[in-house]
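Reading the structure
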Amino acid sequence: MKIKDLKFKKLITAGTIEERVTALAAQIDQDYKKKSPILLPILNGSFMFAADLMKHLILPCRVSFVKISSYAGTASTGQLKTLIGHDESLFNQDVLIIEDIVDTGLTLQKIMADLRSLGTKSVEAVSLLRKMPAREKKIDVKYIGFDLEHEFVVGYGMDYDGLGRNLKDIYKQLEN
Ligand code: 5GP
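Now for a description of the structure that goes with this document. (Residues numbered from 1 in each chain as written. Predicted model: local features only at pLDDT ≥ 70, side-chain atom pairs only at ≥ 80, totals over all residues. Heavy atoms only, no water.)

Attention now moves to the packing of aromatic side chains. For the coordinates displayed, the defined rule picks out three aromatic pairs. Consider the rings of Phe-8 and Tyr-160, whose centres lie 6.4 Å apart with planes at 55°: the pair is tilted. With Phe-8 in strand S2 (residues 6-12) and Tyr-160 in the loop between strand S10 (153-154) and strand S11 (170-174), the pair connects residues that are 152 residues apart, well separated along the chain. Here Phe-8 and Tyr-160 have matching classes, each one buried. Over the aromatic face of Tyr-32 sits the side chain of Lys-35, whose NZ or CZ is 5.9 Å from the ring centroid. (Phe/Tyr/Trp six-rings, centres within 6.5 Å; stacked < 30°, edge-to-face > 60°. Helix = DSSP H or I, 4+ residues; strand = E, 2+ residues; numbered from the N terminus. Buried < 20%, exposed > 50% of the residue type's maximum accessible area, 1.4 Å probe, protein only. Lys NZ or Arg CZ within 6 Å of the ring centre and 35° of its normal.)

Below you can see the structure in the form of structure tokens.
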């Protein structure tokens, strides 16, 4: 599979993703019993994961989208820009951030710190994927779908230069 100048190979199939997402939802339902959290998907990358995860949740929950960008091409720029803030009042709420992938953890750490300063009751995160740097730095992510090494991935909401988000499987970049 090719997107622009890069070649990709299938890494995680749609079926495997579905199984893992269902299990994550069951765990979240269990942990948030008698609570009514606000889910905060970080756009754009997490839109597909967030939709699938929410379809499997039974607990009463709200959703509010946040848009942040820190990536240009395939490498983190290390700079964060909040493009759309959350509109719901988060004071005294249980907030669950939904991320597609945690790489350096920079994005997530910044969002979690910001949310905690708003007087939230609790702030946790669920990420479909976690890369090696986040694992090594022990970045605070309560729920994780799959662990990766350093590979650059596309599909299931994640892009390369805006393309590939529509793919239902997850692909990893092949060395050229
Ligand atoms: P971090 O701040 O943890 O380094 O980067 C997190 C964000 O970078 C993710 O939410 C995601 O949007 C983007 N990102 C990190 N690794 C990848 C990757 O392999 N593929 C894609 N498409 N985006 C990535």
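Bringing the pairing of S11 into the picture now. Alignment of S2 against S11, held across five bridges, turns out to be antiparallel. If you follow Lys-7 over to S11, its bridge partner there is Leu-174. Where S10 meets S11, two bridges bridge the pair, whose relative direction is antiparallel. The residue bridging Val-154 from the neighbouring strand is Tyr-171, located in S11. (Pairing = 2+ DSSP bridges.)

Attention shifts here to the nonpolar core. Core analysis: the largest hydrophobic core is formed by 27 residues, its most contacted members being Ile-28, Phe-49, Leu-53, Val-126, Leu-128, Leu-129 and Ile-170. Ranked by the residues each element gives to this core, the list is headed by helix H1 (residues 14-31), at five residues. Here Phe-49 is in contact with Val-21, Leu-24, Ile-98, Glu-99, Val-126, Ser-127, Leu-128 and Tyr-156, once residues within four sequence places are set aside. Listed in part, the 19 residues of the second largest apolar core include Ile-38, Ile-42, Val-95 and Leu-108. (Core = buried A, V, L, I, M, F, W, Y, C linked by side-chain atoms within 4.5 Å. Contact = heavy atoms within 4.5 Å.)

Moving on to the site of the ligand. In the vicinity of the ligand, 16 residues are found, and the nearest of them are Asp-100, Thr-104, Thr-107, Val-153 and Asp-159. Separating an oxygen atom of the ligand from a side-chain N or O atom of Asp-100 is a distance of 2.8 Å. Here an oxygen atom of the ligand and a side-chain polar atom of Lys-131 are 2.8 Å apart. Within the residue set of the shell around the ligand, elements represented by two or more residues are strand S7 (94-102) and helix H3 (106-116). When residues in the shell around the ligand are grouped by element, the largest group, four residues, is from S7. When its residues are assigned to classes, the shell around the ligand shows seven nonpolar, three polar and six charged. (Near = heavy atom within 4 Å. Polar contact = N/O pair within 3.5 Å; in protein donor to acceptor, adjacent residues only side chain to side chain. Nonpolar A, V, L, I, M, F, W, Y, C, P; charged D, E, K, R; others polar.)

Let us now look at the environment of Leu-129. Within the secondary structure, Leu-129 sits in strand S8 (residues 122-130). Residue Leu-129 is classed as buried on the basis of its relative accessible area, which comes to 0%. Taking the C-alpha atoms as reference points, Leu-129 and Asp-147, separated by 18 residues in sequence, lie 5.8 Å from one another. Not counting chain neighbours up to four residues away, the residues in contact with Leu-129 comprise Ile-12, Asp-100, Ile-101, Val-102, Phe-146, Leu-148, Val-153, Met-158 and Ile-170.

Per the counting criterion, the structure on display carries ten salt bridges. Here Asp-161 and Lys-4 are joined by a salt bridge, their closest N and O atoms 2.8 Å apart. Of this pair, Asp-161 sits in the loop between S10 and S11 while Lys-4 sits in the loop between strand S1 (2-3) and S2, placing them 157 residues apart in sequence. Taking the shortest distance from any N to any O, the salt bridge between Arg-130 and Asp-147 comes out at 2.8 Å. Placement of the pair is Arg-130 in strand S8 and Asp-147 in strand S9 (residues 143-147), with a sequence separation of 17 residues. For Arg-130, a relative accessible area of 16% gives the class buried. (Salt bridge = Lys/Arg side-chain N within 4 Å of Asp/Glu carboxyl O.)

With seven of nine residues buried, S8 is to be regarded as a mostly interior element. As judged from the eight bridges shared by S7 and S8, these two strands associate in the parallel manner. Considered in S8, the bridge of Asp-94 is made with Ser-122. Considered for its hand, the β-α-β crossover made up of S7, H3 and S8 is right-handed. Pairing geometry for S8 and S9, over four bridges, is parallel. Bridged to Ser-127 within S9 is Ile-144. (Right-handed = clockwise from strand over helix to strand, strands pointing away.)

Nothing here speaks to function; it is all geometry.
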